Amino acid sequence: MAQRPPFADIALRLLRKPSHALDPEERRVLASIDAGTLVSRDAADEADARASVGDRLADKVAAVGGSWGFIIAFALVLLAWMVLNSDVLGHFGLVFDPYPYIFLNLMLSTLAAIQAPVIMMSQNRQAAKDRLAASLDYETNLRAELEILRLHEKLDLLVADRLAGLEEKIDRLAKTGSAS
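Residues numbered from 1 in each chain as written. Predicted model: local features only at pLDDT ≥ 70, side-chain atom pairs only at ≥ 80, totals over all residues. Heavy atoms only, no water.

A. How the structure looks around the pattern of salt bridges. The full count for this structure, using the stated rule, is 10 salt bridges. Between Glu 46 and Arg 41 there is a salt bridge, and its shortest N-O distance comes to 3.3 Å. Judged by its relative accessible area of 21%, Glu 46 is partly exposed. Here Glu 46 makes a salt bridge to Arg 50, at a shortest N to O gap of 3.6 Å. Taken as a pair, Glu 46 and Arg 50 lie in helix α3 (residues 43–50) at a separation of 4 residues, close to a single helical turn. Residue Arg 50 is classed as exposed on the basis of its relative accessible area of 57%. (Salt bridge = Lys/Arg side-chain N within 4 Å of Asp/Glu carboxyl O. Buried < 20%, exposed > 50% of the residue type's maximum accessible area, 1.4 Å probe, protein only. Helix = DSSP H or I, 4+ residues; strand = E, 2+ residues; numbered from the N terminus.)

Dropping the structure here:
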């Protein structure tokens, strides 16, 4: 006969599920209750620990590409490119990308073609972080609920024991009172 996990009784009593029907989060919570360990973890730390080099790079590109500093610097570079190729180099006949700035358009299109998927990767990673945070919040909330239920059980047992003791005392008093 297979041995039941140590938290099988808690699963049946509090969650009203057999241990084989538990979700992974529920298993972790019950195992932590059984072991007396903490279940709460920082979602950001967990996500960072699971992140690959590409994930971290995508986050940095998205952070830079989605900032006012990048927008202002990029606008200045574009303006300088246009002034350089229209007026400054035009005096010397050295214009390498004259109006309508076809090479500049090619570079902008290439940048957009590369930057958009990288930013989307970062957004996907942020969505995964959010799902992880929700899962960790669920585990913490489940742990708190189960601990409250266990405390209620303990209090109920204490009250029942106390009432039984009082009933015994009342019975003894009634017997001694009726005997006299």
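B. Fine view of the packing of aromatic side chains. A complete count under the given rule lists 4 aromatic pairs for this structure. Taking the centre distance of 5.4 Å and the plane angle of 15° together, the rings of Phe 70 and Phe 74 count as stacked. A residue pair is termed a helical-turn pair when its members lie 3 or 4 positions apart in one helix, as Phe 70 and Phe 74 do in helix α5 (residues 68–92) at 4 residues. The rings of Trp 81, Phe 96 and Phe 103 are connected pair by pair, giving a single aromatic cluster. (Phe/Tyr/Trp six-rings, centres within 6.5 Å; stacked < 30°, edge-to-face > 60°.)

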